[in-house]
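Structural characterization, general
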Amino acid sequence: MNRFVGALSRLLDPAEREYVCGDLEELQLRTPAAALGILGLLVRRQLAVWLNWGPWVALLGVAGLTGFFLSGWVGQIAGTTFVQVRTFLSYGVAYEPGGVSALQQITYAATGAIALLLWCWASGFILAVLSGRALWMTCALFYIVVRESSTIRMALAGNIILKHGLWPALVLRLFPLEPLIAVCIPALLLGLRSGRRSKLKQSTSFALSAAGLASVLLLTWMQSWYGAGFAQWSGDLYAPGPFFYRALPVLACAWPVLSIPLCEKTT
Amino acid sequence: MRQDLEAVTGRQCSMGALYTTLDRLEEKGLIKTSMGAPTPERGGRAKRMVRITAKGAREARTFYQAVMKASIGAIWQTMQGLTL
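Residues numbered from 1 in each chain as written. Chains lettered and ligands numbered in written order. Predicted model: local features only at pLDDT ≥ 70, side-chain atom pairs only at ≥ 80, totals over all residues. Heavy atoms only, no water.

1. Re the pattern of salt bridges
- As enumerated under the stated definition, the model contains 12 salt bridges over all chains in all.
- The partner of arginine 45 of chain B in a salt bridge is glutamate 18 of chain A, with the nearest N and O atoms 3.9 Å apart. Here arginine 45 of chain B, found in the loop between β1 (31-35) and β2 (48-52), pairs with glutamate 18 of chain A, found in helix α2 (residues 14-27), and the two come from separate chains. (Salt bridge = Lys/Arg side-chain N within 4 Å of Asp/Glu carboxyl O. Helix = DSSP H or I, 4+ residues; strand = E, 2+ residues; numbered from the N terminus.)

2. Digging into helix α4 (residues 54-91) of chain A
All names here are of chain A.
- With 38 residues, α4 extends 52 Å from end C-alpha to end C-alpha; this agrees with the ideal 56 Å at 1.5 Å per step.
- Bending of α4 peaks at approximately 35 degrees at the position of glycine 67.
- Glycine 92 sits one or two residues past α4 and shows a positive phi near 75 degrees. (Expected span 1.5 Å × (residues − 1). Bend = angle between axes of the 7 residues up to and from the residue.)

3. A short note on the side chain of serine 71 of chain A
Residue and element names in this part refer to chain A.
- Structurally, the position occupied by serine 71 is in helix α4.
- On the accessibility criterion, serine 71 (2% relative accessible area) is buried.
- Dropping the residues within four chain positions of it, serine 71 is found in contact with Val145, Val146, Ser149 and Ser150. (Buried < 20%, exposed > 50% of the residue type's maximum accessible area, 1.4 Å probe, protein only. Contact = heavy atoms within 4.5 Å.)

4. What to know about the environment of glycine 191 of chain A
Residue and element names in this part refer to chain A.
- When you line up the elements, glycine 191 lands in helix α8 (residues 179-197).
- We classify glycine 191 as buried; its relative accessible area is 0%.
- Sequence separation of glycine 191 and valine 5 is 186 residues, and the distance between their C-alpha atoms is 32 Å.
- Beyond its immediate sequence surroundings of up to four residues, glycine 191 is in contact with Trp121, Gly124 and Phe125.

5. So, the confidence of the model for chain B
Residues and elements named next belong to chain B.
- Put simply, chain B has an average pLDDT of 86, and 89% of its residues get 70 or more.
- Within chain B, the lowest mean pLDDT, 55, falls on strand β4 (residues 82-83), and the highest, 94, falls on helix α3 (residues 54-70).
- Here the predicted complex carries an ipTM of 0.74, next to a pTM of 0.80. (pLDDT = per-residue confidence, 0-100.)

6. Topic: the layout of surface pockets
- A volume near 870 Å³ is recorded for the largest pocket.
- Taken together, 29 residues form the lining of the largest pocket, with Val49, Asn52, Pro55, Leu130 and Gly132 of chain A sitting closest to its centre.
- Of all elements in the fold, only α3 (31-49), α4, α5 (102-131) and α8 of chain A together with α2 (15-27) of chain B reach the threshold of two or more residues within the lining of the largest pocket.
- Classifying every residue of the lining of the largest pocket gives 13 nonpolar, 7 polar and 9 charged. (1 Å grid on protein atoms, 1.4 Å probe; cavity = no way out; pocket = protein on both sides within 12 Å on 5 of 7 lines; lining within 4 Å. Points joined across faces, edges and corners; volume = space filled by probe spheres on them. Nonpolar A, V, L, I, M, F, W, Y, C, P; charged D, E, K, R; others polar.)

7. Section: the interface of chain A and chain B
- If you look at the interface, chain A gives 19 residues, while chain B gives 18 residues.
- Taken over both partners, the interface formed by chain A and chain B buries close to 1600 Å², and the fraction arising from carbon and sulfur atoms is 57%.
- The largest contributions to the chain A side of the interface with chain B come from Glu18, Tyr19 and Arg44 of chain A, which together make up 36% of the buried area.
- Viewed at the interface, chain B and chain A are joined by 5 salt bridges.
- Here lysine 47 of chain B ties to glutamate 26 of chain A by a salt bridge, and the two come within 3.9 Å at their closest N and O atoms.
- Between chain A and chain B we count 7 residue pairs in polar contact (both at pLDDT 80 or more) in total.
- Broken down by secondary-structure element, the contributors of at least two residues to the side of chain A that touches chain B are α2 and α3 of chain A.
- Residue composition of the side of chain A that touches chain B, grouped by class: 10 nonpolar, 2 polar and 7 charged. (Buried area = accessible area lost by both parts, 1.4 Å probe. Polar contact = N/O pair within 3.5 Å; in protein donor to acceptor, adjacent residues only side chain to side chain.)

8. What to know about the nonpolar core
- Among the nonpolar cores identified, the biggest contains 44 residues, and Leu70, Trp119, Phe142, Val257 and Ile260 of chain A are the most heavily contacted of them.
- Elements supplying a minimum of two residues to this core: α4, α5, α6 (135-157), α8, α9 (202-233) and α10 (243-258) of chain A.
- Contacts of leucine 70 of chain A, omitting those with residues within four sequence positions, involve Leu116, Trp119, Cys120, Ser123, Phe142, Val146 and Cys253 of chain A.
- Among the nonpolar cores identified, the runner-up in size contains 17 residues, and Val20, Leu24 and Ala35 of chain A together with Ile31 of chain B belong to it. (Core = buried A, V, L, I, M, F, W, Y, C linked by side-chain atoms within 4.5 Å.)

9. Here we look at the environment of threonine 80 of chain A
Residues and elements named next belong to chain A.
- Note on placement: threonine 80 falls in helix α4.
- What makes threonine 80 buried here is its relative accessible area of 17%.
- With 157 residues separating them in the primary sequence, threonine 80 and leucine 237 have C-alpha atoms 23 Å apart.
- For threonine 80, the contacting residues outside a window of four places in its chain are Gln105 and Tyr226.

10. Quick word on the packing of α5 of chain A against α6 of chain A
All names here are of chain A.
- Running from amino to carboxyl end, α5 crosses α6 at an angle of 150 degrees, the nearest separation of the two axes being 9 Å. With respect to α6, the element α5 is oriented roughly antiparallel. In this structure, α5 crosses over α6, and the sense of that crossing is right-handed. Across the interface between the two elements, Ser123, Leu127, Ala128 and Ser131 from α5 touch Leu135, Thr138, Cys139 and Phe142 from α6.
- Looking at the contact of α5 with α6 residue by residue, the classes come out as 5 nonpolar, 3 polar and no charged. (Axes fitted to C-alpha atoms, helices over the stretch in contact; angles between N-to-C directions. Parallel < 35°, antiparallel > 145°, perpendicular 65-115°, else oblique. Left-handed = near helix turned anticlockwise from the far one by under 90°.)

11. Overview of the packing of aromatic side chains
All names here are of chain A.
- Summed over all chains, the structure comprises 9 aromatic pairs over all chains.
- Centroid distance tryptophan 121 to phenylalanine 125: 5.4 Å. Interplanar angle 15 degrees. Geometry classified as stacked. Taken together, the positions of tryptophan 121 and phenylalanine 125, both in helix α5 and 4 residues apart, correspond to about one turn of that helix.
- For tryptophan 121, a relative accessible area of 16% translates into the label buried.
- An aromatic cluster is built from Trp73, Tyr108, Trp119 and Tyr226, whose rings are joined through pairwise contacts. (Phe/Tyr/Trp six-rings, centres within 6.5 Å; stacked < 30°, edge-to-face > 60°.)

In structure tokens, the structure reads:
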């Protein structure tokens, strides 16, 4: 068995690698045949994972739904912070749109950033618990959706003009160059590690879930500050939606943290 | 095991097909596998040992009897590699 086959066999589980490599050694297969054997096994293992419901929930629920709304949320928090900091540095005053005070904006951005970290951790945890061997795929898709979907949405809606076109922007956004994303990635990785290796105590899982619920209620309530401001600013042309409808996008981000007590990995 | 299967069926049996089938049988409780001792001809690596369980033996017997029952009176003829 040469180095190439040895490297390929590292994609297998450690226990499985032991007997698969032993079989290849005993059969004295040539490199192409041995590599094909391992690749076939890997493909079958991946396909078998998708016969369960867990990876599908991770793919559609976390990578798709949560990733999509988290993408917008990251942009919103980063945008609010950027405008506030830049206005203060350029003009020495606070940016107060539609009667929302600087203190309210700081409170909203700080709560949103903390919630974002919690949601990213919980998304990683749920991805690891549900995905099994498909984790590499669901996790990569989650990251791509979080990074790209808001850009695609805004570009298609005509809300942003990209100087070099959509594709270069999408490729560039894959790199975690923004401070908020650079903080979110460790949270996601910690969540993945917790989901794969350890079990959460029931009290911890309920505490996390309660924090998730608090984040939903607080952020939905805080959005009414902006709603009232916009209503006043537009002469009541813009009316903020009811609490339940405003809570839906936040719930889409927070459902992984709310569902932690239902996971098997809690004791 | 793979060589035996290939000899009996006359068809190639891939490593992936064999291992995933063994996993399914183990999940159903029909076989039990364990790691054997490492041997020099395997490069110092262990072998996966397979043992049929009582439930597996029962299921195999039932399956064999069902096939035998369904085959009573059937004529099996092999011509030029085709089973008719």
